[in-house]
Amino acid sequence: MFAIVRTGGKQYRVAAGDKIVVEKLDGEAGSSVTLGDVLLAGTGGDFQSVEGLTVSAEIIAQAKAEKVIVFKKRRRHNYRRKNGHRQQHTILKITAIGDTRADDSAAA
């Protein structure tokens, strides 16, 4: 079974046992979160109602993305500015979609 969830302004296709990287969510590593904004769900080509459907996930880690260099320059004005930025993100492991749980043996 798969689901398409929206979090942090982006959409992700997830299945039980998947690991995804999303925008920063509150919580410590090891805690559980529930993603309630489910847009679509189904198995194979069959779709099912998403009314009241939630996706359960476990926070694996809070981390930072790769550094992005921001460089500004104006020609012939001796103007240069260099900045760096590292975006915060959360790594999630999907544990269940609705009542469908992830099997540890199937994930291995």
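Scoring rules and cut-offs
Residues numbered from 1 in each chain as written. Predicted model: local features only at pLDDT ≥ 70, side-chain atom pairs only at ≥ 80, totals over all residues. Heavy atoms only, no water. Pairing = 2+ DSSP bridges. Helix = DSSP H or I, 4+ residues; strand = E, 2+ residues; numbered from the N terminus. Axes fitted to C-alpha atoms, helices over the stretch in contact; angles between N-to-C directions. Patch = residues over 30% accessible without salt bridge, like charges linked within 9 Å, V, L, I, M, F, W, Y side chains within 5 Å. Areas by Shrake-Rupley, 256 points an atom, 1.4 Å probe, with all protein chains shown as cover. Salt bridge = Lys/Arg side-chain N within 4 Å of Asp/Glu carboxyl O. Lys, Arg positive; Asp, Glu negative; His and termini not counted. Charge placed at Lys NZ, Arg CZ, Asp CG, Glu CD. Buried < 20%, exposed > 50% of the residue type's maximum accessible area, 1.4 Å probe, protein only.

Whenever I open this one, the sheet that holds strand 2 (residues 10-15) confuses me. Can you help?
Backbone-to-backbone hydrogen bonds pair the strands of a sheet. The strands run either parallel or antiparallel. Taken in spatial order, the 4 strands line up as 2-1-5-6 in an open sheet, and their pairing is antiparallel. Two strands in the sheet have a free side with no partner beyond their single neighbour: strand 2 and strand 6 (46-48). Taking each pair of neighbouring strands and ignoring which way they run, the sheet shows an average axis angle of 30°.

I'm lost on a positive patch on the surface in this one. Help?
A surface patch of like charges, here positive, comprises Lys64, Lys67, Lys82 and Arg86. With respect to the helices and strands, the residue Lys64 is situated in strand 7 (residues 55-64).

Would you mind showing me how to read unusual backbone geometry here?
What you tend to see is this: most non-glycine residues have negative phi, and most peptide bonds are trans. The phi angle at Arg76 is positive, at roughly 60°, despite the residue not being glycine. Among the secondary structure elements, Arg76 is positioned in the loop between strand 8 (68-74) and strand 9 (79-85). Judged by its relative accessible area of 70%, Arg76 is exposed. If you check the backbone angles, Asn78 has positive phi at about 55° while not being a glycine. Positionally, Asn78 belongs in the loop between strand 8 and strand 9. Look at Asn78 and you get exposed, because its relative accessible area is 68%.

Teacher, can you tell me more about the pattern of salt bridges here?
As a working rule, side chains carrying opposite charge can pair if their charged atoms are close by. This model, assessed by the stated rule, comprises 2 salt bridges. Between Asp37 and Arg6 there is a salt bridge whose closest N-O contact spans 2.9 Å. Separated by 31 residues along the polypeptide, Asp37 in the loop between strand 4 (32-35) and strand 5 (38-43) and Arg6 in strand 1 (residues 2-7) bring together distant segments of the chain. Judged by relative accessible area, which is 33%, Asp37 ranks as partly exposed. Across the salt bridge formed by Glu23 and Lys10, the nearest N and O atoms sit 2.7 Å from each other.

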